[in-house]
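Overview (structure and organization)
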Amino acid sequence: MAGWADPGAWEVADGVFRIPLAMPGDALKAVNVYALETGDGLALVDAGWRTATSLDELATALARVGHEVSSVHDVYVTHIHRDHYTLAVELRRRFGTRIGLGRDEAPGLHELLEIASNVPVTSLRELRRSGDPALADAIEAMTAAAEFDADAWEKPDSWLAPGPYDVGTRVLDAVATPGHTRGHLVFHDLDAGLLFAGDHVLPTISPSIGFELGEWDLPLGDYLWSLERILERPDAMLLPAHGAPGPSARARAAELLEHHEVRLAETVQAVDRCGAATASEVARILTWTRRRVPYADLDDFNRMIATCETIAHLDVLVRRGTATVADHPEGALFSLV
């Protein structure tokens with residue numbers, strides 16, 4: 001039986017093909033690119049990660065269903081992360097493909113182009129606020145040493161506002177779903193009952209929250225609000241960026257909301273054990289991933305993700321009035337009310 005990440009062009013609806021492109025060395029294995037027949041070529045929802053082989057992988061997959069990669073005239077990108085955006089830049093260079101990206105991704109992209117570095121400066125700030133400057137220093141050194149692929153990043157042709165877009169005979173409704181990133185969009189084909197969900201609604205995991213550059217207020221609060229938006233819309237087949245399609249986007253959004261309520265309750269219990277704690281201390285008490293891995297067993301990158309996720313949950317507890325936060329020389333100190 002084929003796995004969801006196996007290469008190919010898998011028809012998920014009439015004229016819509018799911019194309020997994022490999023993500024070498026990444027636990028997510030692949031990113032789904034969706035090709036939509038438009039009558040005068042193809043439009044993509046997300047483009048994939050610009051690697052040494054990704055353009056050839058895309059061309060081979062499209063050829064299996066009678067299309068050429070040069071016929072891709074538009075890419076609608078759900079968000080700014082490199083596994084969704086950077087191959088679109090290569091398509092534009094080679095074939096004149098137009099790129100559309102959510103308008104609220106502009107600050108993050110502008111900052112990335114300015115610093116021209118892989119250093120996740122916003123996450124480092126949150127690590128220091130969480131009380132773990134040593135981990136912040138380690139991540140900074142590791143990412144600063146990594147080669148930055150400057151050729152992979154350029155501004156889009158269009159900054160997309162929420163609303164309807166004509167894509168051939170289809171209408172894709174771009175819906176603002178901040179949380180994973182500020183400017184994340186999902187694209188809802190109401191007539192066909194399809195939701196191109198990017199990383200907003202994933203079938204087996206919850207996405208990282210606020211992993212991008214720029215200022216944030218309450219990323220987890222935004223994410224929970226965005227999940228509620230999915231519940232308010234007509235249901236649709238879930239077409240995620242990572243993982244297999246699912247029959248109901250609303251059902252999965254409800255599961256994710258429940259997951260985060262459980263996680264908030266676990267965070268309350270961890271703070272209660274400490275009396276008062278930094279986010280770093282709470283992260284060390286919690287377990288991680290679906291396999292409940294102890295914090296000590298994570299590598300530094302995933303410790304960063306875990307700690308930033310923890311402070312995002314703690315900030316929501318403060319906003320709800322369940323916890324308070326006070327400045328402390330070692331980091332923000334959280335206590336229960």
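Thresholds applied
- Residues numbered from 1 in each chain as written.
- Predicted model: local features only at pLDDT ≥ 70, side-chain atom pairs only at ≥ 80, totals over all residues.
- Heavy atoms only, no water.
- Core = buried A, V, L, I, M, F, W, Y, C linked by side-chain atoms within 4.5 Å.
- Buried < 20%, exposed > 50% of the residue type's maximum accessible area, 1.4 Å probe, protein only.
- Helix = DSSP H or I, 4+ residues; strand = E, 2+ residues; numbered from the N terminus.
- Contact = heavy atoms within 4.5 Å.
- Lys, Arg positive; Asp, Glu negative; His and termini not counted.
- Salt bridge = Lys/Arg side-chain N within 4 Å of Asp/Glu carboxyl O.
- Polar contact = N/O pair within 3.5 Å; in protein donor to acceptor, adjacent residues only side chain to side chain.
- Pairing = 2+ DSSP bridges.
- Axes fitted to C-alpha atoms, helices over the stretch in contact; angles between N-to-C directions.
- Expected span 1.5 Å × (residues − 1).
- Disulfide = S-S within 2.5 Å.

Below, the discussion takes up the nonpolar core. Formed by 48 residues in total, the largest nonpolar core has its most connected members in Leu127, Leu220 and Leu227. By residue number, the principal contributor to this core is helix 9 (residues 300-320), which donates 9 residues. When neighbours within four sequence positions are excluded, leucine 227 is seen to be in contact with His200, Val201, Ala253, Leu256 and Leu257. In terms of nonpolar packing, the next biggest core, distinct from the first, is built from 35 residues, Ala9, Leu42, Val77 and Ala152 among them.

Let us look at the side chain of arginine 18. With respect to the helices and strands, arginine 18 occurs in strand 2 (residues 16-22). Within the buried core, arginine 18 has no salt-bridge partner, and the shortest N-O distance to an opposite charge, that of aspartate 6, equals 8.1 Å. A polar side-chain atom of arginine 18 sits 2.9 Å from a polar atom in the side chain of asparagine 32. When near neighbours in sequence (up to four residues on either side) are disregarded, arginine 18 contacts Trp4, Gly8, Ala9, Trp10, Val12, Asn32, Val33, Tyr34 and Pro245.

Under the criterion given, the structure shown has 24 salt bridges. Taking the shortest distance from any N to any O, the salt bridge between glutamate 154 and arginine 92 comes out at 2.8 Å. Of this pair, glutamate 154 sits in the loop between helix 5 (133-145) and strand 7 (158-160) while arginine 92 sits in helix 2 (residues 82-95), placing them 62 residues apart in sequence. Here glutamate 215 and arginine 125 are joined by a salt bridge, their closest N and O atoms 3.2 Å apart. Pair noted here: glutamate 215 is in the loop between strand 11 (194-198) and helix 6 (219-232) and arginine 125 is in helix 4 (residues 121-129), with a separation of 90 residues, a long-range link.

On to the sheet that holds strand 8 (residues 163-167), then. The sheet built from 5 strands is open, its strands ordered 8-9-10-11-12 with mixed pairing. A strand with exactly one partner marks an edge of an open sheet, and here the two such strands are strand 8 and strand 12 (237-240). Sheet twist, expressed as the mean angle between neighbouring strand axes with direction ignored, is 25°.

Between its terminal C-alpha atoms helix 7 (residues 249-274) stretches 38 Å, which fits the 38 Å expected from 26 residues at 1.5 Å a residue. When we look at burial in helix 7, the residues that qualify are Ala249, Arg252, Ala253, Leu256, Leu257, His260, Arg263, Leu264, Glu266, Thr267, Ala270 and Val271. Positive backbone phi, approximately 85°, marks glycine 275, located one or two places after helix 7.

On to the environment of leucine 62. Position of leucine 62 relative to the elements: it lies in helix 1 (residues 54-64). A relative accessible area of 1% places leucine 62 in the buried class. Taking the C-alpha atoms as reference points, leucine 62 and leucine 42, 20 residues apart in sequence, are found 9.8 Å from one another. With sequence-adjacent residues up to four places away left out, leucine 62 is seen in contact with Ile19, Ala35, Leu42, His67, Glu68, Val69 and Val72.

Time to look at unusual backbone geometry. Positive phi, close to 75°, is recorded for lysine 29, a residue that is not glycine. Here lysine 29 lies in the loop between strand 2 and strand 3 (30-37). You can call lysine 29 exposed: its relative accessible area is 56%. Phi at alanine 116 is positive, roughly 45°, even though this residue is not glycine. Of note, alanine 116 is situated in the loop between helix 3 (106-115) and helix 4.

This next bit is on the state of the cysteines. Counted according to the given criterion, the structure contains 0 disulfides. The thiol of cysteine 274 is unpaired, and the distance to the nearest cysteine sulfur, on cysteine 308, comes to 18 Å. Look at cysteine 274 and you get partly exposed, because its relative accessible area is 35%.

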